[in-house]
Amino acid sequence: MTRITPQPGIMDIALYQGGASHLAGVDNVLKLSSNENPAGPVPAAMTALAEAAGGMHLYPSTDHADLRTAISEVWGVAADRVICGVGSDEVLQFVTQAFSGPGDEIIHTAHGFSMYPILARMAGATPVCVPEADRVVDVDAILGAVTQATRIVLLTNPGNPTGTRLPDSEVVRLADGLPMHVILVIDGAYTEYADGYDGGLALAETRPNVLMTRTFSKIYGLGGLRVGWGYGPRALIDVMTRIRQPFNLSTVALAAAEAAVRDTAWVDDCATRNATQRARLTGALRQLGLACDDSDTNFVLARAASVADADAAEAALNADGILIRRVGGYGFPEGLRITVGDADQTGRVIAALTRWREEAAA
Ligand SMILES: *Cc1c(COP(=O)(O)O)cnc(C)c1O
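Residues numbered from 1 in each chain as written. Predicted model: local features only at pLDDT ≥ 70, side-chain atom pairs only at ≥ 80, totals over all residues. Heavy atoms only, no water.

**A look at the sheet that holds strand β5 (residues 150-156)**
The pairing of strands in a sheet comes from backbone hydrogen bonds and takes either a parallel or an antiparallel form. So the rule is basically this: Strand pairing requires that DSSP identify at least two bridges connecting the strands. Elements are defined by DSSP. Helices are runs of H or I of four residues or more, strands are runs of E of two residues or more, and each kind is numbered from the N terminus. Every axis corresponds to a line fitted to the C-alpha atoms, with the helix fit spanning only the stretch in contact, and the corresponding angles, defined between N-to-C directions, vary from 0 to 180 degrees. Note on definitions: a residue-residue contact is assigned when non-hydrogen atoms from the two residues lie within 4.5 Å.
Taken together, 7 strands build an open sheet; the order of strands is β2-β8-β7-β6-β5-β3-β4 and the sheet is mixed. On the outer flanks of this sheet lie β2 (82-85) and β4 (126-130), each paired with one strand and no other. Sheet twist, expressed as the average angle between the axes of neighbouring strands with direction ignored, equals 25 degrees. Most of the contacts of helix α6 (residues 168-177) go to strand β6 (residues 183-187), to which it runs at about 155 degrees, and overall it touches β5, β6 and β7 (210-215).

Here's what the structure looks like:
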């Protein structure tokens, strides 16, 4: 050995690009680029966090028993089939690291979460990207890509950045069609925004090879706290737990997340408000000639007629201090992913885009 060499795959990782948070020369920036909750953090979590702060000199619980109990009571799942991580990103990392390695393949879809290929490469595995059909996950394309080397299928449902949802019957067809050596991971980061959807819970409950992940980062407004969880077969959770660091979640994070999950009224309220503003934003975008699918999330993907048109729309929003997410890296160079804000914020987006179209027509 003559030099230090990283593990295979690591140098193929392109650094994750987060949503922008600053605009040069603008204060009062409205950040609609990272699907954060316009209502802020769930207040119960802030109270619990402050109370827990006095205990920070003590190491946190290693088994997350209180948080898992709260999750089990609220969601009706078995506490010993729940695993908690530093965001659902870490739970996804547990799965990819525990069940794949060099020579193995991890399937994700064309417009899936940009963390998926990174997670595959972190494990030394090979990411395999399959196309979607009109911005909806294509079950046949996934099944057609499965090989002897496939270990995991990563599915975002509802999708990001598409906002579309694969119907339950199609998710079941996917689960039915996968060989038993392949784990289906259903990333349900936006589940609470999708009316009548269980996030894959019933499948994770009954299938030996289906795992569901959920997050506190979106509807609970706790993206900065970093807590997520997974639910699935005991046998899989047991393996993943062995590679979880014992103190991965801090005392304050555990306390805040426990209070958050018990505040179901908050979730209902935020989901209702989001649905109202989402319908308003979707309607306005379409009227302004920006195509969009119906969204089951807290964002809308607007598609401009061309990249130049998208550039101009983004420039108009930026000029008004509004940050959105361009999604060229997700296969939509003409796309603008706009987080659904509160009523005032949505009004600000619509006004900026309306002015832009009016000025272009003048
Ligand atoms: C936001 C998001 C998550 C959440 O990740 P955390 O690590 O829990 O913050 C997971 N998956 C997708 C597709 C997301 O958009």
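**A few points about the domain arrangement of the chain**
Quite often, the size of an interface is put as the accessible area lost when its parts meet. The condition is simple: Marked domain ranges trace back to an automatic or database domain assignment. A quick way to say it: buried area is the sum, across both parts, of accessible area lost when two parts are put together, with a 1.4 Å probe. Any carboxyl oxygen of Asp or Glu within 4 Å of a side-chain nitrogen of Lys or Arg constitutes a salt bridge here. Counted as a polar contact is a pair of N or O atoms within 3.5 Å, where, for protein atoms, one must be capable of donating a hydrogen and the other of accepting one, and residues adjacent in sequence contribute only when both atoms are in side chains.
For the chain, the assigned domains are domain 1 (10-40 + 265-361) and domain 2 (43-262). Each of domain 1 and domain 2 was reduced to a C-alpha centroid, and the two centroids are 25 Å apart. At the interface, 29 residues of domain 1 touch 28 residues of domain 2. In this assembly, domain 1 packs against domain 2 so that about 2,400 Å² is buried in total across both faces, 62% of it on carbon and sulfur atoms. Interface area lost by domain 1 to domain 2 is led by Y16, D296 and Y330, which between them contribute 26%. Between D296 and R165 there is a salt bridge; the shortest N-O distance is 3.1 Å. Our count for the domain 1 to domain 2 interface comes out at 11 residue pairs in polar contact (both at pLDDT 80 or more). At the level of secondary structure, the elements contributing two or more residues to the side of domain 1 that touches domain 2 comprise α10 (264-287), β9 (299-303) and β12 (332-339).

**Some points on the layout of surface pockets**
The condition that has to hold: The pocket and cavity definitions rest on a 1 Å grid over protein atoms only: a 1.4 Å probe that fits but cannot leave marks a cavity, an open set with protein on both sides within 12 Å along at least five of seven lines marks a pocket, and residues lining either have an atom within 4 Å of a point. Grid points are joined across faces, edges and corners, and a volume is the space filled by probe spheres set on the points. Residues are grouped as follows: Ala, Val, Leu, Ile, Met, Phe, Trp, Tyr, Cys and Pro are nonpolar; Asp, Glu, Lys and Arg are charged; all remaining types, including Gly, are polar.
Empty space within the largest pocket amounts to approximately 500 Å³. Lining the largest pocket are 26 residues, with Y16, S34, F113, S217 and K218 positioned closest to its centre. For the lining of the largest pocket, the element with the most residues is helix α3 (residues 87-99), which contributes 3 residues. The class makeup of the residues in the lining of the largest pocket is 5 nonpolar, 13 polar and 8 charged. Taken together, domain 1 (10-40 + 265-361) and domain 2 (43-262) each give at least three residues to the lining of the largest pocket, which thus spans both. Size it by volume and the second largest pocket reaches roughly 360 Å³. Around the second largest pocket, the lining is made up of 21 residues, and of these A14, S114, P117, I118 and G329 lie nearest the centre. Among the elements of the structure, β3 (105-109), α4 (115-122) and β11 (325-327) are those that each provide at least two residues to the lining of the second largest pocket.

**Brief notes about the packing of aromatic side chains**
Note the cut-off: In summary, the pairing rule links any two rings of Phe, Tyr or Trp, Trp by its six-membered ring, whose centres are within 6.5 Å, and it sorts them by plane angle into stacked for under 30 degrees, edge-to-face for over 60 and tilted for everything else. Any residue under 20% of the maximum accessible area for its type is buried, any over 50% is exposed, and the rest in between are partly exposed; the area is computed with a 1.4 Å probe on protein chains only. Whether a charge lies above a ring is judged from NZ of Lys or CZ of Arg, which has to be within 6 Å of the ring centre and within 35 degrees of the ring normal.
This model, assessed by the stated rule, comprises 6 aromatic pairs. Between the aromatic rings of Y59 and F247, the centroid separation amounts to 4.7 Å while the plane-to-plane angle is 45 degrees, which identifies the pairing as tilted. Note that Y59 is positioned in the loop between α1 (43-52) and α2 (65-75) and F247 in the loop between α8 (234-242) and α9 (251-262), a separation of 188 residues in sequence. Between W75 and W229, the aromatic rings sit 6.4 Å apart at their centres with planes inclined by 45 degrees, giving tilted as the arrangement. Within this pair, whereas W75 is found in helix α2, its partner W229 is found in strand β8 (residues 228-231), the two being separated by 154 residues in sequence. Judged by its relative accessible area of 26%, W75 is partly exposed. Through pairs of rings, three or more aromatic residues link up here, namely Y16, F113 and Y116. Across from the ring centre of F299, 5.5 Å away, lies the NZ or CZ of R337, which sits over that ring.

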